[in-house]
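Overview (structure and organization)
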Amino acid sequence: MILAAESLGLTYQTATGRLEALRGVSFVVSEGEFVAIVGPSGCGKSSLLKLIIGLEKVSAGRLKLEGAEITGPSRHVGAVYQAPVLLPWRTIAQNVMLPADVLKLPRGSSAERARALLEMAGLSEFADRYPHELSGGMQQRAGIVRALVHDPALLMMDEPFAALDAITREQMSVELQRIILASRKTVIFITHSITEATFLADHILVMSPRPGRIVAQFHNPAPRPRTLADLASPELAALAQEIRAALDLGAAPRAAA
């Protein structure tokens, strides 16, 4: 087991009072799993990500990474965000090496790993290019490689394809599946997209509107690797329907209020 959340709660103190972002969130993530978290805007998905990355402290419950309480940022967690946030004055190879530089990891072995990851992501020939010379999808691939270069136990992804057009998002889903299968990483993937969740994930957690709670959990029965055509299969179509129903059910109390 890589990650365990037990009755997790998070409350912010705001200028107008206390804001409860998360309430009673419990789940586990095993090594090698790809877990998608789906929920409406404002449900606390990004707050949960901040807790796991160590940028926020829990208000209630327990959160453990590899058996130890999360008390702050850890080199054992890598993160990919909506924007790749590549430094424009550094080449792609130099951007990928940034975590290794910050963590002062051995230069030789880190550079070798960076080269292997760039090749796996199809970016070897662009290693000496600058971010503005790459497409949005290629920049995001570089961001994924950067998050993997220090070999974290867990990769957190916060709606990494949200800023891309629909066609590029589909292509990136296929690319991400290939990269993750090759790297065998454990992933938590936050998304608004039921399609992305059903295509990519082994398990899907559905969250309610704020305060965010886990209202349903689903296992994805479809074998890997998956193709985009598989989204029309009876298995994935039925799974998408179940996720949508869980989202509607989770939102029902708010709709009735």
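In the block above lies the structure referred to throughout.
Presented here is a report on the structure given in the accompanying data block. (Residues numbered from 1 in each chain as written. Predicted model: local features only at pLDDT ≥ 70, side-chain atom pairs only at ≥ 80, totals over all residues. Heavy atoms only, no water.)

Here Tyr-12 is to be found in strand 1 (residues 3-14). The spatial distance from the C-alpha of Tyr-12 to the C-alpha of Ala-60 is 12 Å, given a sequence separation of 48 residues. For Tyr-12, the contacting residues outside a window of four places in its chain are Gly-17, Arg-18, Leu-19, Ala-21, Ser-47 and Glu-56. Looking at Tyr-12, its side chain comes within polar contact range of the side chain of Ser-47, at 3.1 Å. (Helix = DSSP H or I, 4+ residues; strand = E, 2+ residues; numbered from the N terminus. Contact = heavy atoms within 4.5 Å. Polar contact = N/O pair within 3.5 Å; in protein donor to acceptor, adjacent residues only side chain to side chain.)

Read from one edge of the open sheet, six strands run 6-7-8-3-9-10, paired in mixed fashion. The sheet is open, and its two edges are formed by strand 6 (77-80) and strand 10 (214-219), each paired on a single side. Put simply, the sheet's adjacent strands are angled 15° from each other on average, direction ignored. Where strand 6 lies against strand 7 (residues 154-158), four bridges are found, and the strand directions are parallel. Among the inter-strand pairings, Gly-78 is bridged to a residue of strand 7, identified as Leu-155. Set on the sheet, helix 1 (residues 45-53) makes contact with strand 3 (34-38), strand 6, strand 7, strand 8 (186-191) and strand 9 (203-207); between it and strand 7 the angle comes to about 150°. Sitting on the sheet, helix 5 (residues 136-148) is in contact with strand 6 and strand 7, with an inclination near 170° to strand 6. (Pairing = 2+ DSSP bridges. Axes fitted to C-alpha atoms, helices over the stretch in contact; angles between N-to-C directions.)

Just distances and angles here, no functional claims.
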